[in-house]
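Coordinates in review
The residues making up each chain are set out below.
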Amino acid sequence: MDKKHLIAGSILSADLLDLGNDIQKALDVGTDIIHFDVMDYHFVQNLTFGPDLLKQIRARFTDAILDVHLMVEPINEKVLGDYAKAGASMISFHPEATPHVDRYLSFIREQGCKAGLVLNPGTDTSVLRYLWERLDFVLVMSVNPGFGGQKLIPAMMEKIKEVKAMAAAAGANIQIEVDGGVAPNTIRACADAGAEMFVVGSALFGKDDIAKAMSDLRAALA
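Residues numbered from 1 in each chain as written. Predicted model: local features only at pLDDT ≥ 70, side-chain atom pairs only at ≥ 80, totals over all residues. Heavy atoms only, no water.

For His35, the position within the fold is in strand β2 (residues 33–39). Within the local environment of His35, its side chain forms a polar contact with the side chain of Asp37, the two groups lying 3.0 Å apart. Setting aside anything within four residues of it in sequence, one finds His35 in contact with Ala8, Gly9, Ser10, Ile11, Asp67, His69, Leu139, Glu177, Asp179 and Val199. (Helix = DSSP H or I, 4+ residues; strand = E, 2+ residues; numbered from the N terminus. Polar contact = N/O pair within 3.5 Å; in protein donor to acceptor, adjacent residues only side chain to side chain. Contact = heavy atoms within 4.5 Å.)

Structure (structure tokens):
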């Protein structure tokens, strides 16, 4: 992951009856990361994908970077371990989902995955203050999590800037990821604020011409 800007295609917006082919098309047009949203009908009001599906994706796409975003509660070693064993490259969770944030960030790294923390629109950035040594990336939600196709909340650009400044002040070498409403008309603002990884769902998988969709995203970043 040595590119300056990385695009993560969210399978939440893919054709689930043709998921393998949709992922292949996304990778063929230059998608850097496959984003895998896990929801439990509890932490958010939606239900999505389990570790068995991730395992099948890993078996078919052996070299793909698989980014697992856990919108589940509680977070524990069983949940984290299952997704790590299934083939996750990166795992992130929400600090509201456990009182043991430091412990589970360390656990994710022990499984050989990159560790991330997710900030909802209403989550204060102060939660990051004592965790920099445990983090590889921070995922800033630019919508309220649970459903695809939402519009980006403009105020989250300030949050991205704040996280960027906090990391710099702490000397932390982390990446900032942004998820929610990312499209050609919003991705540049996210990058200018300091994001380096961009989760794109309906603006990529939701388009008939996925090659043009990717080209539009890259052009907006350029």
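Ranked by internal contacts, the top residues of the largest apolar core, which has 74 residues, are Ile11, Leu70, Ile91 and Phe198. Look past the residues within four positions of Ile91 in its chain and what remains in contact with it is Val68, Leu70, Leu80, Tyr83, Ala84, Ile108, Cys113, Lys114, Ala115, Gly116 and Phe137. Leu6, Ile33, Met90 and Met197 belong to the second largest nonpolar core, which has seven residues in total. (Core = buried A, V, L, I, M, F, W, Y, C linked by side-chain atoms within 4.5 Å. Buried < 20%, exposed > 50% of the residue type's maximum accessible area, 1.4 Å probe, protein only.)

Moving on to the sheet that holds β2. Pairing between the strands of a sheet is mediated by backbone hydrogen bonds and can be parallel or antiparallel. Taking strand neighbours around the barrel as the criterion, the eight strands line up as β1-β2-β3-β4-β5-β6-β7-β8 in a closed arrangement whose pairing is parallel. Looking at each pair of strands side by side, their axes are set apart by 25 degrees on average, direction ignored. As paired strands, strand β1 (residues 6–10) and β2 are joined by three bridges and run parallel to one another. Among the inter-strand pairings, Ala8 is bridged to a residue of β2, identified as Ile33. In the packing of helix α5 (residues 156–170) onto the sheet, contacts are made with β5 (114–119), β6 (137–141) and β7 (175–179), and the angle to β6 comes to roughly 165 degrees. The sheet contacts of helix α7 (residues 210–221) involve β1 and β8 (197–200), and relative to β1 the element is tilted by about 145 degrees. (Pairing = 2+ DSSP bridges. Axes fitted to C-alpha atoms, helices over the stretch in contact; angles between N-to-C directions.)

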